[in-house]
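Coordinate inspection notes
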Amino acid sequence: MPANALMIQGTGSNVGKSMLVAGLCRAALRRGISVAPFKPQNMSNNAAVADDGGEIGRAQALQAIACGRALSVHMNPVLLKPESDTGSQVIVQGQVRGRLNAREFGGARASLLTAVLESFAILSKTADLIIVEGAGSPAETNLRRGDIANMGFARAAGVPVILAGDIDRGGVIAQIVGTQAVIDREDAAMVAGFVVNKFRGDVRLFDDGYEDIIRHTGWAGFGVLPWFNAAHRLPSEDAVDLARPSMAGGFHIVCPMLSRIANFDDLDPLAAEPSVRLSMIPPGSPLPADADMVILPGTKSTRGDLAFLRAQGWDVDLHAHVRRGGKVLGICGGYQMLGHTVDDRGGLDGASGRDRGLGLLNVETRMASDKTLSKVTAVHCASGAQIDGYEIHIGQTAGPDCTYPFSTVNGIADGAQTKDGQIAGTYLHGLFSNDVFRAAWLKSIGVSSGGAGYSQLVEDTLDQLADHMEKFLDVPAMLACAAPVGK
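None of these values were measured; they are calculated from a predicted model.

**Topic: the overall build of the chain**
For the chain, the helix and strand inventory stands at 14 helices and 27 strands. In summary, the chain has a C-alpha radius of gyration of 23 Å against a globular reference of 23 Å for 487 residues, a match within 12%. For the chain, the spread of C-alpha atoms along the principal axes amounts to about 70 × 45 × 40 Å. The buried share among the 487 residues of the chain stands at 56%. When the accessible surface of the chain is summed, it comes to about 19000 Å², and 52% of that surface belongs to carbon and sulfur atoms. Distance from the positive charge centre (43 side chains) to the negative charge centre (51 side chains) of the chain: 2 Å.

**A word on the pattern of salt bridges**
Pairs may arise between side chains of opposite charge once their charged atoms sit close together. The final tally for this structure, using the stated rule, is 26 salt bridges. Here Glu-133 and Lys-39 are joined by a salt bridge, their closest N and O atoms 2.9 Å apart. Of this pair, Glu-133 sits in strand β9 (residues 129–133) while Lys-39 sits in the loop between β2 (35–38) and β3 (41–43), and the two are 94 residues apart along the sequence. The exposure class of Lys-39 is buried, given its relative accessible area of 5%. Notably, a salt bridge pairs Arg-310 with Asp-315, separated by 3.9 Å at the nearest N-O pair. Since its relative accessible area comes to 24%, Arg-310 is described here as partly exposed. Residues joined by salt bridges that share partners form a network here, namely Arg-26, Arg-30, Glu-459, Asp-463 and Asp-467.

**Examining the layout of surface pockets**
For the second largest pocket, the calculated volume is near 620 Å³. Breaking the lining of the second largest pocket down by element, the ones donating at least two residues are β4 (47–49), α2 (58–67), β21 (364–380), β22 (386–398) and α13 (454–472). Here the residues of the lining of the second largest pocket are counted per class, giving 11 nonpolar, five polar and six charged.

**A closer look at the sheet that holds strand β7 (residues 87–92)**
Sheet architecture is open: four strands sit in the order β3-β6-β7-β8, paired in mixed fashion. The open sheet terminates on both sides in strands that have one partner only, identified here as β3 and β8 (95–101). Across the sheet, the axes of successive neighbouring strands diverge by a mean angle of 25 degrees, strand direction being ignored. The pairing of strand β6 (residues 78–82) with β7 spans five bridges and is antiparallel. Across the sheet, Lys-81 pairs through a bridge with Gln-89, a residue of β7.

**Quick look at the environment of Leu-117**
Looking at the element boundaries, Leu-117 is found in helix α3 (residues 102–124). Placed 77 residues apart in sequence, Leu-117 and Pro-40 show a C-alpha to C-alpha distance of 8.3 Å. Apart from the residues within four sequence positions on either side, Leu-117 is in contact with Phe-153, Ala-156 and Ala-157.

**Some thoughts on the packing of aromatic side chains**
Under the definition given, this model contains 10 aromatic pairs. Aromatic rings pair up to connect Phe-406, Phe-432, Phe-437 and Trp-441 into one cluster.

**Here's the deal with the nonpolar core**
Ranked by size, the top nonpolar core spans 56 residues in total, and within it Ile-253, Ile-295, Leu-329, Leu-358, Phe-432 and Trp-441 carry the most contacts. If you look at the next biggest cluster of nonpolar residues, it comprises 47 residues, including Val-78, Val-90, Ala-115 and Met-190.

**Here we look at empty space enclosed by the protein**
Under the defined criterion, the tally for this structure stands at one cavity of 30 Å³ or more. A volume near 220 Å³ is recorded for the largest cavity. Secondary structure elements with two or more residues in the lining of the largest cavity: β17 (298–299), α11 (333–337), β21 and β22. Broken down by element, the residue count for the lining of the largest cavity peaks at three residues, all from β22. Split into classes, the residues belonging to the lining of the largest cavity amount to five nonpolar, 11 polar and five charged.

**Topic: the packing of α2 against α13**
Running from N to C, α2 and α13 cross one another at 75 degrees; their axes reach a closest spacing of 10 Å. Taken together, the axis directions place α2 and α13 in an arrangement best described as roughly perpendicular. Between α2 and α13, the residues in contact are Leu-62, Ile-65 and Ala-66 and Val-458, Glu-459 and Leu-462, respectively.

**Here we look at the pairing of strand β18 (residues 327–331)**
Across the five residues of β18, four count as buried, placing the element largely inside the fold. In this structure, strand β16 (residues 293–296) lies alongside β18, joined through four bridges in parallel fashion. Residue pairing for β18: Leu-296 is matched across the bridge by Gly-330. As judged from the four bridges shared by β18 and strand β26 (residues 423–426), these two strands associate in the parallel manner. Looking across to β26, one finds that Ile-331 is bridged to Thr-426.

**Comments concerning the side chain of Arg-438**
Tracing the backbone through its elements, the reader meets Arg-438 in helix α12 (residues 435–444). Using a relative accessible area of 2% as the deciding quantity, one classes Arg-438 as buried. At 2.7 Å, the side chain of Arg-438 forms a polar contact with the backbone oxygen of Phe-432. Non-local contacts of Arg-438, meaning those with residues more than four positions away in its chain, are made with Pro-269, Leu-270, Glu-273, Phe-432, Ser-433, Ala-452 and Tyr-454.

**Here we look at α12**
For α12, the full list of buried residues reads Phe-437, Arg-438, Trp-441 and Leu-442. For α12, the arc enclosing every buried residue in end-on projection is 130 degrees, short of the 170-degree limit, so these residues lie on one face. α12 presents Val-436 and Lys-443 as exposed residues on the side facing more than 90 degrees away from its buried surface. One or two steps after α12, the chain reaches Gly-446, where phi turns positive at roughly 80 degrees.

**Comments concerning the environment of Ile-122**
Along the chain, Ile-122 turns up in helix α3. Residue classification places Ile-122 among the partly exposed residues on the basis of a relative accessible area of 36%. Sequence separation between Ile-122 and Lys-198 is 76 residues, and the spatial gap between their C-alpha atoms is 34 Å.

Thresholds applied
Residues numbered from 1 in each chain as written. Predicted model: local features only at pLDDT ≥ 70, side-chain atom pairs only at ≥ 80, totals over all residues. Heavy atoms only, no water. Helix = DSSP H or I, 4+ residues; strand = E, 2+ residues; numbered from the N terminus. Rg over C-alpha atoms; globule rule 2.2 N^0.38 Å. Buried < 20%, exposed > 50% of the residue type's maximum accessible area, 1.4 Å probe, protein only. Areas by Shrake-Rupley, 256 points an atom, 1.4 Å probe, with all protein chains shown as cover. Lys, Arg positive; Asp, Glu negative; His and termini not counted. Charge placed at Lys NZ, Arg CZ, Asp CG, Glu CD. Salt bridge = Lys/Arg side-chain N within 4 Å of Asp/Glu carboxyl O. 1 Å grid on protein atoms, 1.4 Å probe; cavity = no way out; pocket = protein on both sides within 12 Å on 5 of 7 lines; lining within 4 Å. Points joined across faces, edges and corners; volume = space filled by probe spheres on them. Nonpolar A, V, L, I, M, F, W, Y, C, P; charged D, E, K, R; others polar. Pairing = 2+ DSSP bridges. Axes fitted to C-alpha atoms, helices over the stretch in contact; angles between N-to-C directions. Contact = heavy atoms within 4.5 Å. Phe/Tyr/Trp six-rings, centres within 6.5 Å; stacked < 30°, edge-to-face > 60°. Core = buried A, V, L, I, M, F, W, Y, C linked by side-chain atoms within 4.5 Å. Parallel < 35°, antiparallel > 145°, perpendicular 65-115°, else oblique. Polar contact = N/O pair within 3.5 Å; in protein donor to acceptor, adjacent residues only side chain to side chain. Arc of directions from axis to C-beta.

Next up, the structure:
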């Protein structure tokens, strides 16, 4: 029997498509359905390493967890990782294909449809149901020619669409009705219905507006979904969600929001710790003087964000923090920044050049053409705790402080730290998701771990999300919209 498929598209970015897909995936799984997520094209610097090699967007990794599935590169065949305001690294089926600016990508999208449909066909052989997530909005008619992310994919693969609108930002009636008004008839015919997402307050107050949407569009309504308060417990893919609540603990960890911040979900388990207060510091704000630790996160552009960090004055704040005895941890690109130099005269990570680092670790980084991309099991040198994480970077770092590594991976040193442990760096992502390591690391800096197991917290929250959707949306009717692949 062919798999069935259903697609969630949105009236805009950040309307909650990823959460809706994750919730539907978990709802289907709990019905005993073999289900898998799929996103034809994604744009994010928050990536995960798939079990079959390569990288995919973090949202699809979360959706795979909701499905009870291993991660596959075919869940997100085209991933764009922005390196500047106008250019991105292009990942196709998990591997780097090259770099394109926005205009060049517009011309290349149609050629990528072959890879997208190939991955969709491969994934469809492994599950009974595929739930697809769109990107941005089908109402962006200037992008319709060659589209592979929304209606271009839906039409090519014959996948019915449910359109999600975001009432929290206002104008949801115009969002949904206006989408139908501007897309062509053939695209509109793919839409099976709509949902209204992120409602705050008494949903009955929107009854008249809900009926107006049905009257204007003729589309079926599947319900109004109230705001899901526990959404902040789930890993986020979009940097616009970084200003999320953290526990009001006594130990203050701060993290500057770099312009190309990547894999920032590394910090989510710390945010869930009752003893930790995690503050994400936006551009234009100083690093707080009461910080106990500063974490420099990953970045898609180490040298670019090193310049950005200096432009905010964060380098001055960071050195003052160190003089006060504060601790610093750099992760991946943040680790590279902590050294004396970042050498990219080959132009592998942006414009060619060699920049002075922050000088807090006695190491130097040279960018190399080979990209390290792997899941790893490491051992934390200070505590002996095991770390199941992943590496995703270009560049090699070496120097005297590597004599004191952060961890070892199959006996090979990873990272570096000062002899007193005040400054440390590592290439490991996902390290704090390990409950035993996280507790050991917090203990080493004088903090007790009181949080629940992080993986279980994510699983429980996915169940709560599915419960929330089952309560307010007609989930059976939504799942019934799925059509056989290839029909």
